[in-house]
Amino acid sequence: MWKRVFKMFIGLYVPLFALNLFLYYSQKAKQIEAIMERQIRANTMKKVSFEEECHSFLRNTHYWATLKYPKNFDPLVEHSSFLRSYLELIEDITSYDQFRFIDLEGKEFFRAERVGNDSIIISAIQNKNYHPYVKAGLQLKRNQIYLSQISLNKENGEIEKPHKPVIRTVAPIFDNEQNQIGLVVINFKMKKILDQIKSTVEDKNVYLLDEDFRVITSSTIKEDLPYESGNKNSTIDGILNTKAITHIRDSTFVENGHIWSQQSIKLNGATFTYGSISNLPTEIVTPSNWLMALEIPPRLVKAVLQPVFESLLIFNIISIIGLFVFSHIYLKNRIEKEQFYKELESKNILLTRSKDQLEENNVMVNEMNNSLEIKNKQLSDFNYLISHNLRSPVTSMSVIVDMIRKEKNPELLNQLLPKLDKVAKSITHLTEDINDYVAILDNKEIKIVDIDLKELILEVKHEFTETLLDNSGFEVQLNLAAWNHISYSKFYLQSIVHNFISNAIKYKRDNVDSHIQFESALENKQKVLYVRDNGIGLNLDRHGDNVFKLYKRFHRNISGKGMGLFLVKSQLEALNATITIDSKVGEGTTFKLIFEK
Amino acid sequence: MNTKPNILLVDDDELYLYIMEKTIHQLSKELVVSTFTDGEQAVEYISKCTEEKVELPEVIFLDINMPFLDGWGFLNEFKKLKPKIISNINIYMVSSSMRDSDVIRASNFEELTGYVVKPVDKVQLAEIFKKIYQENW
């Protein structure tokens, strides 16, 4: 039962499960695609705002580069008033950290630094010509601006503490006669910008990498530019679980459940027009080649997919329960049906059997009915015998007694008295005969035995002296080929055979060789015995009804009580056998005995 | 055969015959009674009478149960002789039993005048004779 239920359940559930899987994965792909789209947008925004900041620095620098400085520019002494108003301006632009002028030899000739938050002071000149940005700046042509890498600010060769990430812009400056007088170098504070980049929504991770994939800033690391301060987790190997980061192209991909979106920021060689449109375009020179990467960790992806997964899970659980219950009920019904059919079949078999039994019983009842009918007939005959044969002598007697009482004449009285004696005698005879008959009717004690018919007939035959003599003119013939053994009452069969032989001898014809023949036969599976003689025969037209009745005699000259055939019939019927007669006057008589199956 | 019998008694019970004869004579000394102890003898007598054109008795009292030929057998034979018989013969079936089957069977014989149950007493006989002999009685 459970095996079948399970099989059916699997058969139903597997396709459903496959469909579910398909749905889940397509849904997942769709969700991830949506996430990616959002991610790209977010990443683009970060990139653009970063670029915007860079441009804002470049624009500032461009402004300084296009100022017309006085000839023999001496910002500290001669032209300090020229510069003052500009410095006041810078004071309010808080991203300015240092502002310097460097001559064509690479030596500083003006240096202003931010102190605190809102004041710029002119400080002592330092020699910076060994710095790469100074070297790169001296290479710059007119209308070129150099944008440095982002780094931690160092003072006197030491990383300034607290860490101050800065970006430097360098541009050549010219006097009013268009002669280059040096470079303007501005340090911009990057802290705010980097913090802004780091600020994330929805727990996404943001990385800003340099051209060597070193981390400039990351939402996963507290400090900026960690490689500069010796933090080992500063490269992608340490913190980024992806190998697919590249500068070659922007891409968005899924790796190990992380969704990555990367966009490179390439400013080197780009040209912009700052200020008035009529200005010449400015070219940006920078060694930096950044990469903005946005990572969505698996946790977040999972969180997005969770509802889909959960709804499908619930659907599956319901499906499993539903299908299981359905399979169970369906199969239960089916098994019950099968059981029902089986029972029906076995009931059918039982019915057929009981039908057969019934038919058998019917046959038995029929047989019983037949035997009861015979019994009934016998009883009726007996009743008739008593009422008729006994009643007449009794009534006669009562009449005679009445006569005697009335008779005065002694002579006549003497005549009447012997009549009474006659009546008494006839009653005695009748009683004796009835006794014989009743013994047959009351057949409870009949002993049924297996009888060898031939033996029995020969035994009975020897009771008749006529058969003992060879030349007696009477012969008993036997033809018992069909059957010879029968279960019957030996006493009855002896009596029956005795009566047949006795009758055959009594009613034999003169002047012929008389015989009686016993022939056994099987008809309709029943044992039949024919008893034929060649005697004087009987007129059945006249006597057919009375042949087997008590006290019936048909031959005046031959002695007899009229009881032989009556007893034969009674003895046969007592054991459910029947007898019929066929006879022709002057030819002989045939009796047919049919025994019970 | 010399005197024509008026009444024929057919019964194998000799005692019955004796009683009937006595009873009939008590009623009338003039009636002549003949008796036979079985049907066969009675049939032979009647057929002989018809052949010899002898007058037949007016009444026959016929028993049912008899050897050689019983009452029914007698009636069957009588039927065959009937076309030759001119005079009217009253046959009464006499039985010691009132079995329904016998009464019904008797009613099927139109040759029968009546059915009488033994013992037949004087009164019954007188009535029968009254019917048959009418004013002569």
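Every value quoted in this text rests on a predicted model; they were computed, and no experiment measured them.

Each value, and the rule that gives it
Every chain is numbered on its own, with residues counted from 1 as its sequence reads. Lettering for chains starts from A, numbering for ligands starts from 1, and both go in the order in which the items are written. Local features are withheld for residues below a pLDDT of 70 in this predicted model, meaning they are given only at 70 or higher, and side-chain atom pairs are given and counted only at 80 or more; totals for whole chains, interfaces and linings count all residues. Working from all heavy atoms in the structure, the side-chain values ignore hydrogens and water. Secondary structure elements follow DSSP: runs of H or I of four or more residues count as helices, runs of E of two or more count as strands, with numbering from the N terminus. Side-chain atoms alone can form a polar contact between residues adjacent in sequence; in general such a contact is a pair of N or O atoms within 3.5 Å, and within protein one must be able to donate a hydrogen while the other accepts it. Contacts between residues were defined by any pair of non-hydrogen atoms, one from each residue, lying within 4.5 Å. By convention in these notes, a salt bridge is any Lys or Arg side-chain nitrogen within 4 Å of a carboxyl oxygen on Asp or Glu. Partly exposed describes any residue whose relative accessible area lies between the buried limit of under 20% and the exposed limit of over 50%, with all areas from a 1.4 Å probe on protein chains only and scaled to the type maximum. Among buried residues, those of type Ala, Val, Leu, Ile, Met, Phe, Trp, Tyr and Cys that are joined through side-chain atoms within 4.5 Å constitute a nonpolar core. Where a domain begins and ends is set by an automatic assignment or by a domain database. Geometry of aromatic contacts follows a simple scheme: Phe, Tyr and Trp rings, the Trp one being its six-membered ring, pair when their centres are within 6.5 Å, and the pair is stacked under 30 degrees between planes, edge-to-face over 60, tilted otherwise.

(A) Local environment of the side chain of D70(B). For D70(B), the location among the structural elements is in the loop between strand 3 (59-63) and helix 3 (71-81). There is a polar contact of 2.5 Å between the side chain of D70(B) and the side chain of N546(A). Among all residues touching D70(B), those that are not within four sequence positions of it are N546(A), K552(A) and I64(B).

(B) Representation of the pattern of salt bridges within the structure. All names here are of chain A. Going through the model one piece at a time under the given rule, you end up with 28 salt bridges over all chains. Between E160 and K164 there is a salt bridge; the shortest N-O distance is 3.3 Å. For K164, a relative accessible area of 19% puts it in the buried group. We note a salt bridge from R334 to E338, for which the minimum N-O separation is 3.9 Å. With R334 and E338 both in helix 6 (residues 298-406) and four residues apart, this pair spans about one turn of that helix. The network of salt bridges with common partners includes R100, E108, R111 and E113.

(C) Structural detail: the nonpolar core. Residues and elements named next belong to chain A. Y488, F500, L593 and F595 are the most contacted members of the largest nonpolar core, which totals 50 residues. The greatest single-element share of this core, amounting to eight residues, is contributed by helix 10 (residues 490-506). Discounting chain neighbours no more than four positions away, the residues touching L593 are I496, F500, K527, V528, L529, V531, L572, T578 and I579. Counting residues in hydrophobic clusters, the runner-up holds 46 residues, among them F99, I150, I284 and L294.

(D) Structural view of the domain arrangement of chain A. Split into domains, chain A comes out as domain 1 (27-296) and domain 2 (443-594). With centres defined by C-alpha atoms, the gap from domain 1 of chain A to domain 2 of chain A works out at 151 Å.

(E) Representation of the packing of aromatic side chains within the structure. Residue and element names in this part refer to chain A. All chains considered together, the criterion is met by 39 aromatic pairs over all chains. Relative to F566, the ring of Y437 lies with its centre 4.7 Å away and its plane at 45°, an arrangement referred to as tilted. In this pair, Y437 is assigned in helix 7 (residues 410-441) and F566 in helix 12 (residues 564-573), connecting sequence segments 129 residues apart. When sorted by exposure, Y437 lands in the same class as F566, which is buried.

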